[in-house]
Amino acid sequence: MISKEEIKNLVFNVIEEFNSTLSEDKIIKLDIETMLYGKNGALDSLGLVNLIVGIEQKVEDDFNKSISLTDEKAMSFQNNPFRSVNSLIEFLEKLLNNSN
Amino acid sequence: MQPIFFTGKLNKSFRPELESILFFNSNQIKYFKDINNSLEVFGYPNIIEEGDNLRIIISEFSDIQYLFALDSEKEDATLLGVILYFRENLEEVCILQVAVVNECSSFGEFYDELVVIRLINELKRISKRIKGIKFIKLFYTGDFTQSIKIKI
């Protein structure tokens, strides 16, 4: 079982890595309330793709688990799991703790 | 999320919508430099009619492939987006351009439909069936300095 805190740290680490490649005005605030994608979101579509790829890689490196955040299961969620840092953490928690 | 229908064939009646997405797309202004680089390397896309369908060609580049996203299979469907790609080498498929209608962009009314993500995911699904392909590479990456390489 991977704790929510571990997942939060993972997501924050990936965002920090991204921030290091961004200009100052594009920096993503490290806060679970930060909106990621959509209205007032910090990312556009390609930014989101980049974040997803980074998270999938980090999950594999840190937890030795291979996941896809964009498969049919993810897309079948009623609410967009990428709307905020918090919704992303909750989505990852479900995905990681239900996968084999 | 609403279902999306993916197809490699698009009826010629969609020509104005496709032209609008590919050539007059305000979402893509921020990627102007990247797109220009892509055009310099690969050439300019053109839409031509072939029978009842549209075909996208890029100068002399014969291996270009594409996938369209529509909101249904019906004749009165709405074109939501397009992705242009080619096989760069034995292991990689390279995305040259991915474009969606304003309404489905990150600031549009239907951003929650995640059309760009779903287009790339469909390409991932297709690429999995091609022997040897391990990655999908994005030619342009916007704000990010590192290129995006998606594991299949």
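Cut-offs applied
- Residues numbered from 1 in each chain as written.
- Chains lettered and ligands numbered in written order.
- Predicted model: local features only at pLDDT ≥ 70, side-chain atom pairs only at ≥ 80, totals over all residues.
- Helix = DSSP H or I, 4+ residues; strand = E, 2+ residues; numbered from the N terminus.
- Rg over C-alpha atoms; globule rule 2.2 N^0.38 Å.
- Contact = placed C-beta atoms within 7 Å.
- Buried ≥ 20, exposed ≤ 12 C-beta atoms within 10 Å, placed from the backbone.
- Nonpolar A, V, L, I, M, F, W, Y, C, P; charged D, E, K, R; others polar.
- Core = buried A, V, L, I, M, F, W, Y, C linked by C-beta atoms within 7 Å.
- Pairing = 2+ DSSP bridges.
- pLDDT = per-residue confidence, 0-100.

> Can you help me understand the overall build of chain A in this one?
Of the regular secondary structure elements, chain A holds 4 helices and 0 strands. For chain A, the sequential pattern of α-helices and β-strands runs α-α-α-α. The C-alpha radius of gyration computed for chain A amounts to 13 Å, which stays within 12% of the reference 13 Å derived for 100 residues, consistent with globular compactness. When its C-alpha atoms are laid out on the principal axes, chain A stretches across 40 × 30 × 20 Å. Partitioning the contacts of chain A with sequence separation of at least 6, the portion at a separation of at least 24 is 63%.

> Can you walk me through the overall build of chain B in this structure?
Looking only at helices and strands, chain B has 3 helices and 8 strands in total. Reading the secondary structure of chain B in the N-to-C direction produces β-α-α-β-β-β-β-β-α-β-β. Considering chain B as a whole, with its 152 residues, one finds that 31% of them fall into the buried category. The contacts of chain B with a sequence gap of at least 6 include a subset with a gap of at least 24, amounting to 53%.

> Please explain the interface of chain A and chain B as it appears in this structure.
By a widespread convention, an interface's size corresponds to the accessible area lost as its parts come together. Taken together, the contact between chain A and chain B spans 19 residues of the former and 20 residues of the latter. Considering each element in turn, the side of chain A that touches chain B owes the most residues, 7 residues, to helix H2 (residues 45–63) of chain A. For the side of chain A that touches chain B, the residue count by class is 9 nonpolar, 8 polar and 2 charged.

> Hey, could you run me through the nonpolar core in this one?
The tendency in soluble globular proteins is for nonpolar side chains to be buried side by side. Ranked by internal contacts, the top residues of the largest apolar core, which has 59 residues, are Val11 and Val49 of chain A together with Ile83, Val115, Val116 and Ile120 of chain B. It is H2 of chain A that contributes the most residues to this core, 8 residues altogether.

> Is there a simple way to explain unusual backbone geometry in this structure?
For residues that are not glycine, phi is negative in most cases, and the peptide bond is trans in most cases. Residue and element names in this part refer to chain A. Within the chain, Asn40 stands out as a residue other than glycine whose phi angle is a positive 65°. Note on placement: Asn40 falls in the loop between helix H1 (4–19) and H2. Asn40 sits in the exposed class, given 10 other C-beta atoms within 10 Å. One non-glycine residue, Asn64, lies in positive phi territory at about 55°.

> I keep staring at the pairing of strand S8 (residues 148–151) of chain B and nothing clicks. Help me out?
A regular strand places its side chains so that they alternate between the two faces of the sheet. Residue and element names in this part refer to chain B. Side chains Ile148 and Ile150 project from S8 onto a buried face, and the interleaved Lys149 and Lys151 project onto a face without burial. Looking at chain direction, strand S7 (residues 135–138) and S8 are connected through 4 bridges and run antiparallel. Each bridged residue has a counterpart across the sheet, and for Phe135 the counterpart in S8 is Lys151.

> Hey, could you run me through the environment of Leu54 of chain B in this one?
Residue and element names in this part refer to chain B. Looking at the secondary structure, you find Leu54 in strand S3 (residues 53–58). Assessed through the 20 C-beta atoms surrounding it within 10 Å, Leu54 is described here as buried. The spatial distance from the C-alpha of Leu54 to the C-alpha of Arg15 is 7.2 Å, given a sequence separation of 39 residues. With near-sequence residues (within four places) excluded, Leu54 lies in contact with Leu10, Lys12, Phe14, Arg15, Leu18, Ile47 and Glu49.

> I keep staring at the confidence of the model for chain A and nothing clicks. Help me out?
Caution applies to low-pLDDT regions: their predicted coordinates should not be interpreted in detail. Here chain A averages 89 in pLDDT, and 95% of its residues register 70 or above. The spread of mean pLDDT over the elements of chain A runs between helix H3 (residues 72–75) of chain A, the lowest at 71, and H1 of chain A, the highest at 95.

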